[in-house]
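Single-letter residue listing:
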Amino acid sequence: GPSLSFSGNFPAGALAAGADEDRAYGLVKDPSNGHVFVVGQTSSAIGSYDGVLIHYDVAGNLVSSATYGLSPFPDGFRAVAQHTSGDLYIAGFVGLDAGAGTSDGLMLRVSSTTLALVSSATVNMGALDYLEAVVAHPNSDVYFAGHHLNGGGDFEIDLYRVSPGTMGPLAQVGWLGTGLNH
């Protein structure tokens, strides 16, 4: 099967995406087995974008992939982190109206073994909300960072905290505030 070459390039057989436009934005390596999970966007049949999660084994072989078309408008994943529970946490956005250019920030919790969605939540602080970063603190909370467009036409930085121990469908999302309000 395909494996990483000395140059670090994946051979063509290791590619998970289709013939249309695809983008990778984040990755995480599973410390327990060396597998790699990549997140990004893939173009869909309806001319929009869907979030994509790709799973490679330690040799670079494609294990599985999943697309998540969460709306008829562009959706995308920007970052991924793995919690000590094994679950993956993905930061991104879900499109609400392509004509108006609106979106909500997106938080996903996904099984690293099946790529099945465990839970999700959206955040809406303004017309355009994006979550661009995620970090999982060992044996503790998961933090998401992003930005939103405020009523004055400026983007503001947002930070959110999620507690996996009490998290049903990500109901315990804590907004920690907006920074750098100039």
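Residues numbered from 1 in each chain as written. Predicted model: local features only at pLDDT ≥ 70, side-chain atom pairs only at ≥ 80, totals over all residues. Heavy atoms only, no water.

The subject of this paragraph is the nonpolar core. One finds Leu-53, Tyr-68, Phe-77, Leu-88, Ile-90, Val-110 and Leu-115 to be the most contacted residues of the largest nonpolar core, which totals 14 residues. For this core, the elements supplying multiple residues, two or more each, are strand E2 (36-43), strand E4 (62-68), strand E5 (75-82), strand E6 (88-97) and strand E7 (102-110). When residues in this core are grouped by element, the largest group, three residues, is from E7. Discounting chain neighbours no more than four positions away, the residues touching Leu-88 are Val-28, Phe-37, Leu-53, Val-80, Ala-81, Gln-82, Leu-108, Arg-109, Val-110 and Ser-112. (Core = buried A, V, L, I, M, F, W, Y, C linked by side-chain atoms within 4.5 Å. Buried < 20%, exposed > 50% of the residue type's maximum accessible area, 1.4 Å probe, protein only. Helix = DSSP H or I, 4+ residues; strand = E, 2+ residues; numbered from the N terminus. Contact = heavy atoms within 4.5 Å.)

In the structure shown here, the tally under the stated rule is four salt bridges. One salt bridge connects Glu-132 with Arg-78, and the closest N-O pair in it is separated by 3.7 Å. Here Glu-132, found in strand E9 (residues 129-136), pairs with Arg-78, found in strand E5; they are 54 residues apart in sequence, far enough to count as distant. (Salt bridge = Lys/Arg side-chain N within 4 Å of Asp/Glu carboxyl O.)

Moving on: the packing of aromatic side chains. Aromatic ring pairs are defined here through the distance separating the ring centres and the angle between the ring planes. One pass over the structure, following the stated rule, counts two aromatic pairs. A ring pair is formed by Tyr-68 and Phe-77, whose centres lie 5.6 Å apart and whose planes are at 50°; its orientation type is tilted. Residue Tyr-68 is classed as buried on the basis of its relative accessible area, which comes to 10%. Arranged with centres 5.0 Å apart and planes meeting at 70°, the rings of Phe-93 and Tyr-130 form a pair that is edge-to-face. A residue pair is termed long-range when its members are at least 10 positions apart, and Phe-93 in strand E6 and Tyr-130 in strand E9 qualify at 37 residues. Classification of Tyr-130 as partly exposed rests on a relative accessible area of 21%. Above the ring of Tyr-25, the side-chain terminus of Arg-78 is found at 3.9 Å from the ring centroid. (Phe/Tyr/Trp six-rings, centres within 6.5 Å; stacked < 30°, edge-to-face > 60°. Lys NZ or Arg CZ within 6 Å of the ring centre and 35° of its normal.)

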